[in-house]
Amino acid sequence: MAQVLDIVSLRSLVAVADCGGFHRAATTLLISQSAVSQHLRRLEKVIGRPLVERRGRGAAFTPDGQALLAEARRILTAHDDALRRLVGAERPAVTVGTTEHAAALILPAVAAALPEHQVRFRIDRTRRLDDAIDRGALDLAVHLAEASSSPGVPVGPLALSWYAAPGWAPPAGRAWPVVAIEEPCMLRRRALAALAAEGLDPYVVCDSGYVAGVLDAVRSGLGVALMATAASTPDGVAVREDLPPVEPAELSFRARAGADPALAAAVVDGLRTALALA
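- Under the annotation held in an unreviewed UniProt entry, the chain carries the name LysR family transcriptional regulator and is attributed to Paractinoplanes bogorensis.
- Listed in UniProt under the heading Sequence similarities (unreviewed entry), the comment for the chain reads: "Belongs to the LysR transcriptional regulatory family."

Some words on empty space enclosed by the protein
If a probe the size of a water molecule is rolled over the atoms, the empty space left behind becomes visible.
Line of reasoning, step 1. For the structure on display, the rule yields 1 cavity of 30 Å³ or more.
Line of reasoning, step 2. Estimated volume of the largest cavity: approximately 90 Å³.
Line of reasoning, step 3. Around the largest cavity sit 14 residues that line it, and Ala180, Ile181, Leu187, Leu226 and Met227 are the ones nearest its centre.
Line of reasoning, step 4. Listing elements by their share of the lining of the largest cavity, those giving two or more residues are β8 (175–181), α7 (186–197), α8 (211–219) and β10 (225–228).
Line of reasoning, step 5. In terms of residues, the lining of the largest cavity owes the most to one element, β8, which gives 4 residues.
Line of reasoning, step 6. Of the residues that constitute the lining of the largest cavity, the class distribution is 12 nonpolar, 1 polar and 1 charged.

Some remarks on the side chain of serine 148
Line of reasoning, step 1. Within the element layout of this structure, serine 148 appears in the loop between β5 (140–144) and β6 (153–158).
Line of reasoning, step 2. One polar contact links serine 148 to aspartate 130, side chain to side chain, over a distance of 2.6 Å.
Line of reasoning, step 3. Engagement of the side chain of serine 148 in a polar contact is seen with the backbone nitrogen of serine 150, the distance being 3.0 Å.
Line of reasoning, step 4. For serine 148, the contacting residues outside a window of four places in its chain are Thr126, Asp130 and His143.

Description of the sheet that holds β5
Line of reasoning, step 1. Ordered by their spatial adjacency, 5 strands build an open sheet running β4-β3-β5-β12-β6, and the pairing between neighbours is mixed. At either end of the open sheet lies a strand with only one pairing partner, and these are β4 (118–123) and β6. Between one strand axis and the next, the sheet turns through 20° on average, direction left out of account.
Line of reasoning, step 2. In the sheet, β5 pairs with strand β12 (residues 249–255) via 5 bridges, with the strands oriented antiparallel.

Some thoughts on the nonpolar core
Within soluble globular proteins, side chains that are nonpolar generally end up buried alongside one another.
Line of reasoning, step 1. Counting 54 residues, the largest nonpolar core has Val110, Leu140, Trp162, Val224, Phe253 and Leu271 as the members making the most contacts within it.
Line of reasoning, step 2. Examining the composition of this core, we find that 7 residues originate from one element, helix α9 (residues 261–277), more than from any other.
Line of reasoning, step 3. With sequence-adjacent residues up to four places away left out, phenylalanine 253 is seen in contact with Leu140, Ala141, Val142, Gly152, Val153, Val155, Ala264, Val267 and Val268.
Line of reasoning, step 4. With 19 residues, the next largest nonpolar core counts Ala15, Ala25, Leu29 and Leu76 among its residues.

Section: the side chain of arginine 188
Line of reasoning, step 1. Looking at where arginine 188 falls in the secondary structure, it is placed in helix α7.
Line of reasoning, step 2. Setting aside residues up to four positions removed in sequence, arginine 188 forms contacts with Ala180, Ile181, Glu182, Glu183, Val204 and Asp207.

Things to note about the environment of valine 94
Line of reasoning, step 1. If you trace the backbone, valine 94 turns up in strand β3 (residues 93–98).
Line of reasoning, step 2. Using a relative accessible area of 2% as the deciding quantity, one classes valine 94 as buried.
Line of reasoning, step 3. Along the sequence, valine 94 and leucine 138 sit 44 residues apart, while their C-alpha atoms lie 8.1 Å from each other.
Line of reasoning, step 4. When sequence neighbours within four positions are dropped, the list of residues in contact with valine 94 reads Leu114, His117, Gln118, Val119, Arg120, Asp139, Leu140 and Leu263.

A few points about unusual backbone geometry
Line of reasoning, step 1. Here the bond from glutamate 183 into proline 184 is cis, since omega is -5°, no more than 30 degrees from zero.
Line of reasoning, step 2. Inspection of the secondary structure assignment puts proline 184 in the loop between β8 and α7.

Here we look at the layout of surface pockets
Line of reasoning, step 1. Empty space within the largest pocket amounts to approximately 1300 Å³.
Line of reasoning, step 2. Those elements that place two or more of their residues in the lining of the largest pocket are α1 (7–19), α2 (22–29), α4 (63–87), β3 and β4.
Line of reasoning, step 3. Of all the elements, α4 adds the most residues to the lining of the largest pocket, at 8 residues.

Let's talk about the packing of aromatic side chains
The geometry of an aromatic ring pair is captured by two quantities: the separation of the ring centres and the angle between the planes.
Line of reasoning, step 1. Taken as a whole and judged by the stated rule, the model has 1 aromatic pair.
Line of reasoning, step 2. With 5.7 Å between their ring centres and 65° between their planes, tryptophan 168 and tryptophan 176 make a pair best called edge-to-face. Summarising the burial analysis for this pair, tryptophan 168 and tryptophan 176 share the class buried.

Conventions and cut-offs
- Residues numbered from 1 in each chain as written.
- Predicted model: local features only at pLDDT ≥ 70, side-chain atom pairs only at ≥ 80, totals over all residues.
- Heavy atoms only, no water.
- UniProt positions renumbered as here; feature names shortened; annotations may be inferred.
- 1 Å grid on protein atoms, 1.4 Å probe; cavity = no way out; pocket = protein on both sides within 12 Å on 5 of 7 lines; lining within 4 Å.
- Points joined across faces, edges and corners; volume = space filled by probe spheres on them.
- Helix = DSSP H or I, 4+ residues; strand = E, 2+ residues; numbered from the N terminus.
- Nonpolar A, V, L, I, M, F, W, Y, C, P; charged D, E, K, R; others polar.
- Polar contact = N/O pair within 3.5 Å; in protein donor to acceptor, adjacent residues only side chain to side chain.
- Contact = heavy atoms within 4.5 Å.
- Pairing = 2+ DSSP bridges.
- Axes fitted to C-alpha atoms, helices over the stretch in contact; angles between N-to-C directions.
- Core = buried A, V, L, I, M, F, W, Y, C linked by side-chain atoms within 4.5 Å.
- Buried < 20%, exposed > 50% of the residue type's maximum accessible area, 1.4 Å probe, protein only.
- Phe/Tyr/Trp six-rings, centres within 6.5 Å; stacked < 30°, edge-to-face > 60°.

Structure representation (structure tokens):
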């Protein structure tokens, strides 16, 4: 049989299913979104039929895609078990979800807290992280406590700052354009409330599904954004000290049922140390 189901492509297929879309699958696999798309096209060429239909930022599997997904999980399990038997055991794996806010702080802190483990990250919205923890798709998760409907272990405060393009000035009058993550977003609500409390008339001029999009819009001069305080100011933006201060956002930690409590404790300690030093 000439057709071959590529292992790397099958991993991308499973990641799209588990992460709910191409962008999040790419982030989890540490590859580009175009690479994920290429992997799925390669599988579609082998099968001869469409496997996934894009729906906005998400993706829906066709019946053929669902059938291949089930086979892919079995193939990958057999493949990985064979490697463990032949090559030897890998470091134990742990999957950690984190909010995109302050990911540059959270990711290295978690990795440093688990040196004996192979850590795989998933960056996502808080509600999706909660759902993944409840389903057992994630081992551990760090998110904004205020955005979660599930109780978690307090980790520490995440400082917030206003950012705008260097030299940016608001339009005349009380109207203030704000760039924010699309709803539901706790920082978006805090930004609008803080500006309104100063007698201004804030409005969302641009919203994005991801922090990277917010930064791009701010760099272009569309408006101001309330974001997690960065260790170093991102390129192309400046901190605005003339806007009302906003209380820090509390970070919270959750572990799936049955997760190793020692791992959870190590991550919480590592995050608390990192936040204290930030």
